[in-house]
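Here is how the chains run, residue by residue.
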Amino acid sequence: MRQEPKPRICYVIPAYNEASVIGDVVTGLNGIATKLGQEFEIVVVDDGSKDATAITAQDAGAHVIRHILNSGSGGATATGLSYAQQNGFTIAATLDADGQHAPDDVTKGVILMAKGGADLLIGSRLMNTDGMSKVKVLGNRGLSFVTYLIFGINITDSQSGMRIFSRKALEQLKWRTAGYEFCSEMLWRAKQQRLIIKEYPIKAIYTDYSKSKGQNNWNAFNIIKSLLQRRILEAFGE
Amino acid sequence: MSRYLILIILNTPLILAGITNSFVTYKLHRTSRRRLILRVSLWLFVFAALVFAEPVYNFLFSRGLTQTEALSLFDVIQITGIIFLFYIVSRIHARVDQLERRTQDLHQELSIRLADIPTSTKHQG
């Protein structure tokens, strides 16, 4: 009987000016991921930070990829996942660098992905909104609704940075937007590629730091504008 | 010669070029069938608007629904200019889009490869 290859997991953390927290995020994830007993690598994509993000992450044990230019969260995530794809990882997981995601939730997602049945797993903060401010809940629900209106994808938390990818998703998913709007565009591309998208509940940890680093609700208008533009232009473009 | 006919004669090559480009892009597998249909439909819509401009104007004028004057030579030039710009913009958009994609890929690949170079060799001339 043919045996399934052992999963090799790549944890991708896109980071921009996160020197004060990235060390703890990498160390915390390293500890939990080691307990899983599977081969893994933590990759921090430093998106042209002006502080010591890269050095701090490297000292904490991460493999660091440095962007020469700041290209946005979407660009940094794409680089990290491309690295995972090129280096033969079977599962990749992305999480935010500001410490808002619990390492346990990431490994929970990885275990779910290893069981099969999904190509893209979204860690949803909105399946259990305890600890989230009403403004954040409203903003994220609003963007999920817009994602549904523009792309026809029904997901509770379209903006979540915690995502788990199967090997198939790593090979097929490509998106064009570089900013935060990539979260919605990625779902659209996954739908176009007929990938199976599922969600699982996660808990967001909001500290003063992560609140200050998070997206401003007003940015939602820029995201909507960019998504509409992409949708319309792509209908006529090459 | 009717100014409406001049309008059609001047713009038909642009519309044909737009449709041809759409088919070439599709045949070279650089676009989907759905996008081909959308783009060709758009160019056909522009062509239909030019062909039916005179009958529509005559219809509206005879029923007193418009008081504007018939097409002037300046109008012909202006409309041709707009359609030419539309053609150019659609071509430039495709090129810029392709260039943006290549730059993103280059930046991504360069960052990954530079990260794999050991620090000691990075500083060697």
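What you see is a predicted model; the values in this text were computed from it and never measured. The residue numbering used here restarts from 1 in each chain and proceeds along that chain's sequence as written. A letter from A marks each chain and a number from 1 marks each ligand, given out in the order of writing. Per-residue local features are limited, in this predicted model, to residues with pLDDT of at least 70; the limit for side-chain atom pairs, both in listing and counting, is 80 or more; totals at the level of whole chains, interfaces and linings are taken over all residues.

S.K.: How do you make sense of the overall build of chain B when you look at a structure like this?
M.R.: Regarding its fold elements, chain B presents 5 helices and 0 strands. Secondary structure follows DSSP: runs of H or I at least 4 residues long count as helices, runs of E at least 2 residues long count as strands, and numbering of each begins at the N terminus. Ordering the α and β elements of chain B from the N terminus gives α-α-α-α-α. Throughout, radius of gyration means the C-alpha value; the globule benchmark is 2.2 Å times the number of residues raised to the power 0.38. For chain B, the C-alpha radius of gyration of 24 Å lies well beyond 14 Å, the compact-globule estimate for 125 residues. Principal-axis analysis of the C-alpha atoms places the extent of chain B at approximately 85 × 30 × 25 Å. Three exposure classes are used, based on other C-beta atoms lying within 10 Å of a residue's own C-beta, which is placed from the backbone: buried for 20 or more, exposed for 12 or fewer, and partly exposed in between. Of all 125 residues assigned to chain B, the portion counted as buried reaches 8%. Taking all contacts inside chain B whose residues are at least 6 apart in sequence as the whole, residues at least 24 apart take part in 78%. A residue pair is marked as a contact if its C-beta atoms, positioned from the backbone, fall within 7 Å.

S.K.: Explain the overall build of chain A here, please?
M.R.: Helix and strand content of chain A: 9 helices and 7 strands. With respect to the three principal axes, the spread of C-alpha positions in chain A is 50 × 45 × 40 Å. By residue count, 47% of the 238 residues in chain A fall in the buried class. If you take every contact in chain A between residues at least 6 apart in sequence, the share linking residues at least 24 apart comes to 74%.

S.K.: Would you mind going over the interface of chain B and chain A with me for this structure?
M.R.: Interfaces are often described in size by the accessible area the parts lose on coming together. With 20 residues of chain B at the contact, the number on the chain A side is 20 residues. Of all the elements, helix α4 (residues 73-116) of chain B adds the most residues to the side of chain B that touches chain A, at 13 residues. By residue class, the composition of the side of chain B that touches chain A is 6 nonpolar, 9 polar and 5 charged. The residue classification treats Ala, Val, Leu, Ile, Met, Phe, Trp, Tyr, Cys and Pro as nonpolar and Asp, Glu, Lys and Arg as charged. All others, Gly included, are polar.

S.K.: Where do I start with the nonpolar core in this structure?
M.R.: Among soluble globular proteins, nonpolar side chains are generally buried collectively. Buried Ala, Val, Leu, Ile, Met, Phe, Trp, Tyr and Cys residues form a nonpolar core when they are connected through C-beta atoms within 7 Å. Counting 59 residues, the largest nonpolar core has Tyr-11, Val-12, Val-43, Val-44, Ala-92 and Ala-93 of chain A as the members making the most contacts within it. Discounting residues that sit within four places of it in the chain, Val-12 of chain A has contacts with Val-43, Val-45, Thr-77, Gly-80, Leu-81, Ala-84, Ala-92, Ala-93 and Thr-94 of chain A.

S.K.: I'm lost on the sheet that holds strand β1 (residues 8-15) of chain A in this one. Help?
M.R.: Strand pairing in a sheet takes place through backbone hydrogen bonds and is either antiparallel or parallel in direction. Residue and element names in this part refer to chain A. The pairing criterion for strands is at least two bridges between them, as found by DSSP. Taken in spatial order, the 7 strands line up as β3-β2-β1-β4-β6-β5-β7 in an open sheet, and their pairing is mixed. The outermost strands of the open sheet, each flanked by one partner alone, are β3 (63-66) and β7 (197-201). Taken over all neighbouring pairs, the strand axes of this sheet differ in orientation by 20° on average, direction set aside. Looking at chain direction, β1 and strand β2 (residues 39-46) are connected through 8 bridges and run parallel. The partner of Ile-9 across the bridge, within β2, is Phe-40. To obtain each axis, a line is fitted to C-alpha atoms, and for helices this fit is confined to the stretch in contact; angles are then taken between N-to-C directions over 0 to 180 degrees. Relative to the sheet, helix α1 (residues 19-36) contacts β1 and β2, its axis offset from that of β2 by approximately 165°. Those strands touched by helix α4 (residues 103-115) are β1, β4 (91-94), β5 (120-124), β6 (163-166) and β7, and its axis lies near 150° from that of β4.

S.K.: Is there a simple way to think about the confidence of the model for chain B in this case?
M.R.: Low-confidence regions, as indicated by low pLDDT, have predicted coordinates that should not be scrutinised in detail. All names here are of chain B. Known as pLDDT, the predictor's per-residue confidence is scaled from 0 to 100. Confidence along chain B averages 86 in pLDDT terms, with 94% of residues attaining 70 or more. With pLDDT under 50 throughout, residues 120-125 is counted as low confidence; its partners more than four residues away or in other chains account for 1 contact. Here the predicted complex scores 0.79 on pTM and 0.76 on ipTM.

S.K.: So what exactly am I meant to see when it comes to the packing of α1 of chain A against α4 of chain A here?
M.R.: When two helices pack together, their arrangement is captured by the angle between the axes and the distance separating the axes. All names here are of chain A. Put simply, α1 and α4 touch, their axes get as near as 9 Å, and they point 35° apart. The hand of the α1/α4 crossing is right-handed. Within the contact between the two elements, α1 uses Gly-28, Leu-29, Ile-32, Ala-33 and Leu-36 and α4 uses Pro-103, Asp-104, Val-106 and Thr-107. In terms of residue class, the contact of α1 with α4 is made up of 6 nonpolar, 2 polar and 1 charged. Each helix crossing is assigned a hand: it is left-handed if the near helix lies turned anticlockwise from the far helix by less than a right angle, otherwise right-handed if that turn is clockwise.

S.K.: Please explain the pairing of β4 of chain A as it appears in this structure.
M.R.: Residue and element names in this part refer to chain A. Where burial is concerned, the two faces of β4 agree: the one with Ile-91 and Ala-93 and the one with Ala-92 and Thr-94 are both buried. Sheet topology note: the β1/β4 ladder contains 4 bridges and is parallel. The partner of Cys-10 across the bridge, within β4, is Ala-92. In this structure, β4 lies alongside β6, joined through 4 bridges in antiparallel fashion. The residue of β6 that forms the bridge with Thr-94 is Arg-163.

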